[in-house]
Amino acid sequence: MFAVQFDRHGPASVLSLAEREMPAVPAGCVLVHVRAAGVSPVDVALRAGGTPVAASLHLPHITGIDAAGVVVGIGAGLSDVTLGDEVFGTVLLTEFGGAAAEYAVLALWGAKPAAWSWAEAGAAGSAVETATRALDLLDIVPGAVVIVEGAAGGVGSMAAQLAAARGARVFGTARQESLHIVASLPGITPVRAGDDWSDTFGPLGIHRADAALDASGAGVLGALVEATGSAHTVVTIADPTAAEHGVRLTRGVLAGESTGNHGLRSLAALAERTGVRVLLRGSFPFGEAAAAHAAAEVRPRWGKVALVNDQPRASPLG
Ligand SMILES: NC(=O)c1ccc[n+]([C@@H]2O[C@H](COP(=O)([O-])OP(=O)(O)OC[C@H]3O[C@@H](n4cnc5c(N)ncnc54)[C@H](OP(=O)(O)O)[C@@H]3O)[C@@H](O)[C@H]2O)c1
């Protein structure tokens, strides 16, 4: 099969298409004929190197943690999936890659929402999983006032929509350049990053927020604790100083936590009911993976970048 890989860390140009062995399908996982894969900030960081996790990768490394495609293989122990199902999801996250290939193993997945393109679905898996997991920790009830910091980003834009789908009144922050992106999300009130929360809430008669999710990692935890009145009503996915603020940092399977896989499983029905969508900033064929990674690095970052298998060879299902 072909795969997008790198054999050394460095700029986007280290990526190339290469022939690789088909992966085996572990128990509890599915093998998909990939139609699209995502390019996340974590994929960019792993390729660039310079972190302990990047240094631990076996090279050459197939990039990508998110993919969507057609199920062509089913691991032992699964009874809720059928060959030919169209799904989207994530690889085994402890592998840190394997999605940007003709075939990929998905460990977490759900049915592909009918209204989503392959590119949108391919880029969405870890954003849905992370947003679901983080919102679960915040225990959001209908009518709750919820802040999402970094609401233009890949995870943040999904979290804002999923919080709104849970009935919350959502305020999503972005920097000035990306405020219009947040404004394009139905039901989300855009707030400029750094604005004082009491100035935002006061005129609306809101005393304080009920919960806050930091998906920006931009050093906002102190302000969020103040805005909600408690460290226990704030969760971050990206700020390593969380403990200093008494705030929960969720890292999912990497920290032995339970996953937000149920968010993937229920997304197709939710998308049909509420119109939850993926903000797609760019879509590139697999052969232009370097351009896709370069695009994913450009700031301001909003939404997701996808790699599309635009010339799929016949799958084992024909
Ligand atoms: N813990 C987990 O399980 C987990 C899972 C997935 C991702 N992550 C981490 O979570 C973070 C977000 O991931 P992602 O994929 O959503 O990244 P992303 O697409 O780059 O989103 C981050 C967003 O935050 C924005 N931002 C930066 N400073 C801000 C500020 N002061 N106020 C409001 N928004 C601000 C960025 O905009 P600009 O480009 O303009 O700065 C960008 O839109 C990353 O650090 C990622 O590594 C953690």
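Residues numbered from 1 in each chain as written. Predicted model: local features only at pLDDT ≥ 70, side-chain atom pairs only at ≥ 80, totals over all residues. Heavy atoms only, no water.

Along the backbone of the protein chain there are 10 helices and 16 strands. The C-alpha extent of the protein chain, read off along each of the three principal axes, is 60 × 40 × 35 Å. If you sum the accessible surface of the protein chain, you get close to 13,200 Å²; carbon and sulfur atoms cover 53% of it. Charge-centre separation for the protein chain: the mean point of 21 positive side chains lies 2 Å from the mean point of 29 negative side chains. (Helix = DSSP H or I, 4+ residues; strand = E, 2+ residues; numbered from the N terminus. Areas by Shrake-Rupley, 256 points an atom, 1.4 Å probe, with all protein chains shown as cover. Lys, Arg positive; Asp, Glu negative; His and termini not counted. Charge placed at Lys NZ, Arg CZ, Asp CG, Glu CD.)

Let us now look at helix H10 (residues 289–297). Among the residues of H10, those classed as buried are Ala289, Ala292, His293 and Ala296. Buried residues of H10 fall within an arc of 95° about the axis and therefore sit on the same side. Looking at the buried residues of H10, the elements they touch are strand S1 (2–6), strand S2 (15–19), strand S3 (30–39), helix H1 (41–48), strand S15 (280–285) and strand S16 (304–308). (Buried < 20%, exposed > 50% of the residue type's maximum accessible area, 1.4 Å probe, protein only. Arc of directions from axis to C-beta. Contact = heavy atoms within 4.5 Å.)

To continue, consider the site of the ligand. Residues in contact with the ligand amount to 23 residues; listed here are only the nearest, Gly154, Val155, Arg175, Thr250 and Arg301. Here Gly153 contributes a backbone N or O atom positioned 3.5 Å from an oxygen atom of the ligand. The contact in question runs from a nitrogen atom of the ligand to an N or O atom on the backbone of Thr250, over 2.7 Å. For the ligand, whose free accessible area comes to 920 Å², the fraction covered by protein is 81%. Among the secondary structure elements, those contributing two or more residues to the shell around the ligand are helix H3 (118–138), helix H4 (154–165) and strand S10 (169–174). Looking at side-chain class alone, the shell around the ligand contains 10 nonpolar, seven polar and six charged residues. (Near = heavy atom within 4 Å. Polar contact = N/O pair within 3.5 Å; in protein donor to acceptor, adjacent residues only side chain to side chain. Nonpolar A, V, L, I, M, F, W, Y, C, P; charged D, E, K, R; others polar.)

A few words on the sheet that holds strand S4 (residues 61–62). Taken in spatial order, the three strands make up an open sheet running S2-S1-S4, and their pairing is antiparallel. Among the strands making up the open sheet, the edge pair consists of S2 and S4. Pairing between S1 and S4: two bridges, direction antiparallel. Across the sheet, Phe6 pairs through a bridge with His61, a residue of S4. (Pairing = 2+ DSSP bridges.)

Moving on: the pairing of strand S7 (residues 103–106). Side chains Tyr103 and Val105 project from S7 onto one buried face, and the interleaved Ala104 and Leu106 project onto a second face that is buried too. Looking at chain direction, S3 and S7 are connected through four bridges and run antiparallel. What sits directly across from His33, in S7, is Tyr103.

Counting 45 residues, the largest nonpolar core has Phe88, Trp116 and Met158 as its most contacted members. Secondary structure elements with two or more residues in this core: strand S5 (66–74), H3, strand S9 (145–149), H4, S10, helix H5 (179–183), strand S12 (211–214) and helix H9 (261–274). Per element, the largest residue contribution to this core is nine residues, and it comes from H3. Among the domains, domain 1 (2–125 + 279–308) and domain 2 (128–255) are the pair contributing at least three residues each to this core. (Core = buried A, V, L, I, M, F, W, Y, C linked by side-chain atoms within 4.5 Å. Domains from an automatic or database assignment.)

Our next topic: the layout of surface pockets. Volume-wise, the second largest pocket comes out at about 490 Å³. Together, 21 residues line the second largest pocket, and Pro23, Ile62, Glu95, Gly97 and Gly98 are the ones closest to its centre. Every element with two or more residues in the lining of the second largest pocket is listed here: S4 and S7. At three residues, the largest contribution of residues to the lining of the second largest pocket is made by S7. (1 Å grid on protein atoms, 1.4 Å probe; cavity = no way out; pocket = protein on both sides within 12 Å on 5 of 7 lines; lining within 4 Å. Points joined across faces, edges and corners; volume = space filled by probe spheres on them.)

In terms of domain boundaries, the protein chain breaks down into domain 1 (2–125 + 279–308) and domain 2 (128–255). Relative placement of domain 1 and domain 2: their C-alpha centres are 27 Å apart. Across the boundary between the two partners, domain 1 contributes 15 residues, which contact 15 residues of domain 2. Counting each side, the surface lost to burial between domain 1 and domain 2 is near 1,100 Å², with a carbon and sulfur contribution of 72%. The three residues of domain 1 that bury the most area against domain 2 are Leu279, Pro300 and Trp302, which together make up 38% of that side's buried surface. Inspection of the region where domain 1 meets domain 2 yields zero salt bridges. Between the two partners, domain 1 and domain 2, sit four residue pairs in polar contact (both at pLDDT 80 or more). Of the residues belonging to the side of domain 1 that touches domain 2, the class tally is nine nonpolar, three polar and three charged. (Buried area = accessible area lost by both parts, 1.4 Å probe. Salt bridge = Lys/Arg side-chain N within 4 Å of Asp/Glu carboxyl O.)

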